[in-house]
Amino acid sequence: MKCLSCGNEFEGNFCPNCGQSAKVGRLSVKRILTESLPDIYNLDNKFVRTCVDLFRRPGKMIREYIEGDRVKYAKPVSLLFVLATVYLVVAHICNVETSHPLNTDSTIHINGNDIRLIEEGSILEKIIRFLWDLYWNKAWFCLTKVTLLIIPIKFAFRKIDFAKTLNYAEYFFIMVFLMCQQMIIDTVCIPWNFVFGSHYITQYTNAFVIEDSQAVVTFILEVWAMAQMFRITFRKCFWINIKARFIYLIFFILTGILVMILLYFCGFFDVFKELDTNAEIDVANAINNTFGK
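Parameters and conventions
- Residues numbered from 1 in each chain as written.
- Predicted model: local features only at pLDDT ≥ 70, side-chain atom pairs only at ≥ 80, totals over all residues.
- Heavy atoms only, no water.
- Salt bridge = Lys/Arg side-chain N within 4 Å of Asp/Glu carboxyl O.
- Buried < 20%, exposed > 50% of the residue type's maximum accessible area, 1.4 Å probe, protein only.
- Helix = DSSP H or I, 4+ residues; strand = E, 2+ residues; numbered from the N terminus.
- Axes fitted to C-alpha atoms, helices over the stretch in contact; angles between N-to-C directions.
- Parallel < 35°, antiparallel > 145°, perpendicular 65-115°, else oblique.
- Contact = heavy atoms within 4.5 Å.
- Nonpolar A, V, L, I, M, F, W, Y, C, P; charged D, E, K, R; others polar.
- Disulfide = S-S within 2.5 Å.
- pLDDT = per-residue confidence, 0-100.
- Left-handed = near helix turned anticlockwise from the far one by under 90°.

Visitor: Can you help me understand the pattern of salt bridges in this one?
Guide: Once the charged atoms of two side chains with opposite charge are near each other, the side chains can pair. For the structure shown, the criterion picks out 8 salt bridges. One salt bridge in this structure joins Glu64 and Arg57, with 2.5 Å as the shortest N-O distance. Here Glu64 falls in the partly exposed class, since its relative accessible area comes to 22%. Two residues, Glu222 and Arg245, come together in a salt bridge whose shortest N-O distance is 2.5 Å. Of the two residues, Glu222 sits in helix α10 (residues 213-230) while Arg245 sits in helix α11 (residues 234-265), which places them 23 residues apart along the sequence. Among the charged side chains, a network of salt bridges with common partners joins Arg49, Asp53, Arg56, Arg57, Glu64, Asp69 and Lys72.

Visitor: What's the story with unusual backbone geometry in this structure? I'm lost.
Guide: Among all residues except glycine, the phi angle is most often negative; among peptide bonds, the trans geometry is most common. Phi angles above zero are rare outside glycine, and Arg231 is one such case at about 60°. Tracing the chain through its elements places Arg231 in the loop between α10 and α11.

Visitor: Which parts of the structure should I look at to understand the packing of helix α2 (residues 45-56) against helix α4 (residues 76-93)?
Guide: When two helices pack together, you describe them by how their axes are tilted relative to each other and by the distance separating the axes. Axis separation between α2 and α4 bottoms out at 11 Å; the angle between their running directions is 85°. As summarised for this structure, α2 and α4 are arranged roughly perpendicular, according to the angle between their axes. Contact residues: α2 offers Phe47, Thr50, Cys51 and Leu54, while α4 offers Leu79, Val82 and Leu83. Looking at the contact of α2 with α4 residue by residue, the classes come out as 6 nonpolar, 1 polar and no charged.

Visitor: What am I meant to see in the state of the cysteines here?
Guide: Simply put, the disulfide is a covalent bond whose two ends are the sulfur atoms of two cysteines. Throughout the structure, instances matching the rule amount to 0 disulfides. Cys51 takes part in no disulfide bond, and the closest cysteine sulfur to it belongs to Cys180, at a distance of 7.5 Å. Under the relative-accessibility criterion, Cys51 is labelled buried at 13%.

Visitor: How should the confidence of the model for the protein be read in this particular structure?
Guide: Close inspection of predicted coordinates is inappropriate in any region flagged by low pLDDT. For the protein, mean pLDDT is 74; residues scoring 70 or higher make up 63% of the total. Predicted confidence in the protein is weakest over helix α9 (residues 199-204), with a mean pLDDT of 48, and strongest over helix α3 (residues 58-66), with 92.

Visitor: Would you explain the packing of helix α6 (residues 138-156) against α11 in this entry?
Guide: At a minimum axis separation of 8 Å, α6 and α11 run at an interaxial angle of 130°. Viewed along their axes, α6 and α11 adopt a mutual orientation that is oblique. Two packed elements cross with a definite hand, and for α6 against α11 that hand is right-handed. Where α6 approaches α11, its residues Lys145, Leu148, Leu149, Ile151, Pro152, Ile153, Phe155 and Ala156 are matched on the opposing element by Ile240, Asn241, Lys243, Ala244, Arg245, Ile247, Tyr248 and Phe251. Among the residues forming the contact of α6 with α11, the class breakdown is 12 nonpolar, 1 polar and 3 charged.

The following block contains the structure:
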C-alpha cells in the first residue's frame, strides 16, 4: 500500500514512516462527528468516566490521579474548559445572562453634576475591563480561584500525612478537579434556577428557596471528596476546610485593600478631592450606572 501523505510503500494499518492510517477514506458527516469533534476537546470514554467518578468516588479518583494512575481519566484542565463550554451552551439555551454588567462609562451624581469615574481610554479602564472579562469567563475564573486557594488549602491540611507529600502543582490539579465538580453542579442547576428563580414564581410563592443553594451542595461534596482523598473523617475535613476558607477570606480582604491602594495611585479617587464637605453624592445612582440595576 502507498501512503497518501509521504508516498512510502508499506504493509499494515499505519505507515511506519509518518504514522498515516492506511484507511483514510473520504471526508463525510460521519467523520466530522466521530473524529473532528472529539479532536477539538479530546472527548472519549475518559471524559464520561471522570465526570461520573467526580460524584461516585471523587476523593479516591483524585488520589489515584495524583499517585500516577492517569491513563483512564481525562486531563483536569481540558475537562474544565469542556465543562465551561457546556455551561455556556446550557446558559444560552435557558436565556441566562453570561456577559458582565460593567459599564466603564458610568458617572456619579455630585451636587447636580454628572462626573465620570473612569477616564475613557485610560490604562485603568483597560485593566478593569480585563479583570471583569476574566471574572465572567467561567473557565479562566475557576483557574484563577484555584490558584488563590492553593496556599490556604495547603496550609490548612499541612498536618495530614498524605498532604505532607504533595507539592503546589499537585494541589493545583486537585482543586481543578473539584472545580470541575462544581461546574457540573452549576450547569445542572441552571434550568432549575431559570424556572424557579423567575420573577413570576418568586413573586407569588415562597415554596422554593434555591438561590445559590448549589454553593452549599458544592461545599459538602468538596469536603466529602477531600475526606476520601486524605483518608480522614468527614467532620475533621469539614473544619479544616472552614479554616482554609477563613484564610482565603483574609487573602481576599488583603487583595481588596491592595486594589483600593492601586486605584488611589491611579487617580480613581481624584474626583473626590475637590469636593466640599457638604457635597451630596448619589451613591445608589453610581452603583446602578456601573454594575446595572
